[in-house]
Amino acid sequence: FFPGSPSRRLPGLLISSPPLQPAAPMALNISTELGVIRLRLRPDAAPETASYISRAAAAGAYDGTSFYRSDFVIQCGLHGSGKPNPLGVDLKVNETALHQRVSNARGTAAVAHWDVPDCGNTEFFINLGANSHLDAAYGGYCVFACVEDDASFAVVDQIAEAVKQRSKVAIQSITVS
């Protein structure tokens, strides 16, 4: 018997165990010119969405892009970057009402979409304040992560101010851990 093998035999008993699976990603580390934002993923609220954004980040989708919006959210993604979506497909489901509902409160991250709810892509935003009106608008904006710590909140607030002053803040990379 070796750890991770599907079964082992004891006298008169067969014990089966599932093969070991790699741990699901639990956080996104957004490295920007102003510091790092750590987002804790919420697969309990949006498993497909958390997986989609994590896979896009792992494929380098956000490397060299920017936070370019700052009003009630800071937003980033491939919009205006000229980069293609490395996943080749958009999200096909809005998970807002499918799992544990998480409101668009300060520090939550949600997928941006057009007026049609099931058309999310690599665009996402971090709420700068309580935006509960986004929970139902156009089918809802699906929360898939939240800012993890005070240092990350400080960077979010710095980005919000900087984008107002100069229109964008560079993202160096987003890593998945």
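It should be emphasised that the depicted structure is a prediction, and the values quoted were computed from it without experimental measurement.

## Remarks on the environment of Ser-152
As for its placement among the helices and strands, Ser-152 is situated in helix H2 (residues 150-166). Between the C-alpha atom of Ser-152 and that of Ile-37, which follows or precedes it by 115 residues, the distance is 4.4 Å. Dropping the residues within four chain positions of it, Ser-152 is found in contact with Val-36, Ile-37, Arg-38 and Val-147.

## Considerations on the environment of Val-147
In this fold, Val-147 is placed in strand E9 (residues 143-147). Using a relative accessible area of 8% as the deciding quantity, one classes Val-147 as buried. In this structure the C-alpha to C-alpha distance between Val-147 and Arg-38, which are 109 residues apart in sequence, comes to 6.0 Å. Ignoring any residue separated from it by four or fewer positions in sequence, one finds Val-147 in contact with Arg-38, Leu-39, Gly-107, Ile-126, Ser-152, Phe-153 and Val-156.

## Observations concerning the pairing of strand E4 (residues 35-41)
Where strand E3 (residues 27-32) lies against E4, 6 bridges are found, and the strand directions are antiparallel. By the bridge assignment, Ala-27 is partnered in E4 with Arg-40. Taking the residues that link successive antiparallel strands as the turn, the E3-E4 hairpin has 2 residues. Taken together, the 3 bridges between E4 and E9 define a ladder with antiparallel strand orientation. By the bridge assignment for E9, Arg-40 is matched with Cys-146.

## Concerning the nonpolar core
With 36 residues, the main nonpolar core has Ile-37, Leu-39, Phe-67, Phe-124, Ile-126 and Phe-144 as its most contacted residues. With 6 residues, the single largest contributor to this core is H2. Sequence-distant contacts of Phe-144, that is, excluding residues within four places in its chain, are made with Leu-28, Arg-40, Leu-41, Arg-42, Ala-46, Thr-49, Ala-50, Ile-53, Ala-109, Ala-110, Val-111 and Phe-124.

Basis of the calculations
- Residues numbered from 1 in each chain as written.
- Predicted model: local features only at pLDDT ≥ 70, side-chain atom pairs only at ≥ 80, totals over all residues.
- Heavy atoms only, no water.
- Helix = DSSP H or I, 4+ residues; strand = E, 2+ residues; numbered from the N terminus.
- Contact = heavy atoms within 4.5 Å.
- Buried < 20%, exposed > 50% of the residue type's maximum accessible area, 1.4 Å probe, protein only.
- Pairing = 2+ DSSP bridges.
- Core = buried A, V, L, I, M, F, W, Y, C linked by side-chain atoms within 4.5 Å.

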